[in-house]
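Observations on chain architecture
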Amino acid sequence: WLPTYLERMTWFEDNVDEVLAAHELPWSLRFLPVLESGYSPSAVSSASAVGLWQFMEPTARDFGMEVTRIVDERRDPFKSTEAAATFLGDFRRDFGSWFLALAAYNAGPERIRGILARHAPGAVLSDSLYWAIREHLPAETRDFVPKFLGAVFVAAEPEEHGYEKPVARPFVFDRVLVTAQTSLAAIARAAGTSPEKIARLNPEFISGVTPPNRNSYVRVPVGAGRTLQENATSRNGEGAGG
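Here's what I pulled together on the structure shown here. Just so you know, these numbers come straight off a predicted model, no measurement behind them. (Residues numbered from 1 in each chain as written. Predicted model: local features only at pLDDT ≥ 70, side-chain atom pairs only at ≥ 80, totals over all residues. Heavy atoms only, no water.)

1. Observations regarding the layout of surface pockets
Applied cut-off: Cavity: a set of points on a 1 Å grid over the protein atoms alone where a 1.4 Å probe fits but cannot get out. Pocket: an open set with protein on both sides within 12 Å along at least five of seven lines, its lining residues, like those of a cavity, having an atom within 4 Å of a point. Grid points are joined across faces, edges and corners, and a volume is the space filled by probe spheres set on the points. Per the convention used, a helix needs a DSSP run of H or I reaching at least four residues, while a strand needs a run of E reaching at least two, with both numbered from the N terminus. Three classes are used: nonpolar for Ala, Val, Leu, Ile, Met, Phe, Trp, Tyr, Cys and Pro, charged for Asp, Glu, Lys and Arg, and polar for all others, with Gly counted as polar.
Volume-wise, the largest pocket comes out at about 670 Å³. Together, 29 residues line the largest pocket, and Glu36, Ala49, Gln54, Asn106 and Glu140 are the ones closest to its centre. Listed by contribution, the elements that provide at least two residues to the lining of the largest pocket are helix H2 (32-37), helix H4 (77-95), helix H5 (98-107), helix H6 (109-119) and helix H8 (139-156). For the lining of the largest pocket, the element with the most residues is H8, which contributes five residues. A breakdown of the residues in the lining of the largest pocket according to their chemical character gives 16 nonpolar, eight polar and five charged.

Listed below in structure tokens is the structure:
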């Protein structure tokens, strides 16, 4: 599975790196979605966490992401990455340690606070404290930081660990404004591309249609934006804005 995950990472890593840098967060956090979702925007966990960064629905809403039957912005690689950077930065400030912050990201902050209060009251927050309380963490969280460190070491230098370096497939696109409740299939036809490519570029539109009652921006393959606009103009007498 790792080669597939690393290939997917090439789709999104430029944006992830840019957002992490803007938030002054460690570059190594780019490997967190390798562990969380295999860098798949459509990943859904057994607990119903969704997207690259595996947001639960209430948390996603807290960060301003739309979650409906039509749109699930947890799958939007841009909005979810921005929210994840804010989320992780908050945890780092609250817990004073990246290892404790990652534990909170996995298990939830209140659960980690409770464990700290029971098993390390008054202790100085540090990475070493994670190891001190590790036996008291849920099984998944107990392994989370070691697995993350493993993902960093292997994914950062795959060739040193027996894997081929993946061919980069950047997530590049044209962005076009379309009218409300437009099907992705119709967008694909008008843009002269395939529904599969439109779905890959717009994973947040989970029902195959843009939302009702408002215009929406959609991503189309580079060069297809003009085609989409021209076809929309010729059919409707008015164009989609760029």
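2. Comments concerning the packing of aromatic side chains
Threshold: The criterion for an aromatic pair is that two Phe, Tyr or Trp rings (for Trp, the six-membered ring) have centres within 6.5 Å, with stacked assigned to planes under 30 degrees apart, edge-to-face to planes over 60 apart and tilted to the rest. Burial classification: accessible surface area is computed with a 1.4 Å probe over protein chains only, and a residue below 20% of its type maximum counts as buried, one above 50% as exposed, and the rest as partly exposed. Two thresholds decide whether a charge sits over a ring: the Lys NZ or Arg CZ must be within 6 Å of the ring centre and within 35 degrees of the ring normal.
Counting across every chain of the model gives 17 aromatic pairs. Between Phe12 and Tyr39, the aromatic rings sit 6.4 Å apart at their centres with planes inclined by 10°, giving stacked as the arrangement. Within this pair, whereas Phe12 is found in helix H1 (residues 2-22), its partner Tyr39 is found in the loop between H2 and helix H3 (57-62), the two being separated by 27 residues in sequence. The pair Phe12 / Tyr39 is uniform in exposure class, with both members buried. An aromatic cluster is present here, built from Trp11, Phe12, Tyr39, Phe78, Phe171 and Phe173 joined pairwise through their rings. Against the face of Tyr217 rests Arg175, its NZ or CZ located 3.8 Å from the ring centre. Sitting above the plane of the Trp11 ring, Arg200 keeps its charged end 4.0 Å from the centroid.

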